Amino acid sequence: VNDFILRVVGLTSCQYALLDIKSDILDRPGVRSDAAMLAEETGIPTLIWGFLWIFVAMVCSAFFLLLASKRPHGEGQGFLAVD
């Protein structure tokens, strides 16, 4: 049960990152954000930074979802099982 709860909390955090990036970059483009500061420093537009971060967050979320869906190795022991 604890393993399932930890997986849900971890995956929820990954999904929250996607929503936070979308909110900061796409929904409120006029607000000063990390992407806006990076755009000023690099000349790369804010939207490009936002889409790059969303892409990275989606790839990481997919990887962790795949990892979380696998059964732990061993005889029913969880990832953090102590002998």
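All values derive from a computational prediction rather than experimental measurement.

Cut-off values and rules
Residues numbered from 1 in each chain as written. Predicted model: local features only at pLDDT ≥ 70, side-chain atom pairs only at ≥ 80, totals over all residues. Heavy atoms only, no water. Helix = DSSP H or I, 4+ residues; strand = E, 2+ residues; numbered from the N terminus. Buried < 20%, exposed > 50% of the residue type's maximum accessible area, 1.4 Å probe, protein only. Contact = heavy atoms within 4.5 Å. Core = buried A, V, L, I, M, F, W, Y, C linked by side-chain atoms within 4.5 Å. Phe/Tyr/Trp six-rings, centres within 6.5 Å; stacked < 30°, edge-to-face > 60°. pLDDT = per-residue confidence, 0-100.

## Description of the overall build of the chain
Part 1 of the argument: Summing up its helical and strand segments, the chain has 3 helices and 0 strands in all.
Part 2 of the argument: Ordering the α and β elements of the chain from the N terminus gives α-α-α.
Part 3 of the argument: Counting every position in the chain, which comprises 83 residues, the buried fraction comes to 18%.
Part 4 of the argument: Considering only contacts in the chain between residues 6 or more positions apart, those separated by 24 or more positions represent 53%.

## Examining the nonpolar core
Part 1 of the argument: In terms of nonpolar packing, the biggest core is built from 8 residues, these being Leu-18, Ile-21, Ile-25, Ala-35, Ala-39, Trp-49, Ile-54 and Ala-57.
Part 2 of the argument: Residue assignment for this core shows that the elements contributing at least two residues are α1 (2–27), α2 (34–42) and α3 (46–69).

## Re the packing of aromatic side chains
Part 1 of the argument: Overall, the coordinates contain 1 aromatic pair when judged by the stated rule.
Part 2 of the argument: Aromatic side chains Trp-49 and Trp-53 sit 6.2 Å apart centroid to centroid with 45° between the ring planes, which places their arrangement in the tilted category. Of this pair, Trp-49 and Trp-53 are both found in helix α3, 4 residues apart, which corresponds to roughly one turn of the helix.
Part 3 of the argument: Classification of Trp-49 by relative accessible area gives buried; the value is 15%.
Part 4 of the argument: Judged by its relative accessible area of 28%, Trp-53 is partly exposed.

## Some words on the confidence of the model for the chain
Part 1 of the argument: On average, the chain scores 78 in pLDDT, and the residues at 70 or more come to 81%.
Part 2 of the argument: By mean pLDDT, the top-scoring element of the chain is α2 (87), and the lowest-scoring one is α1 (80).

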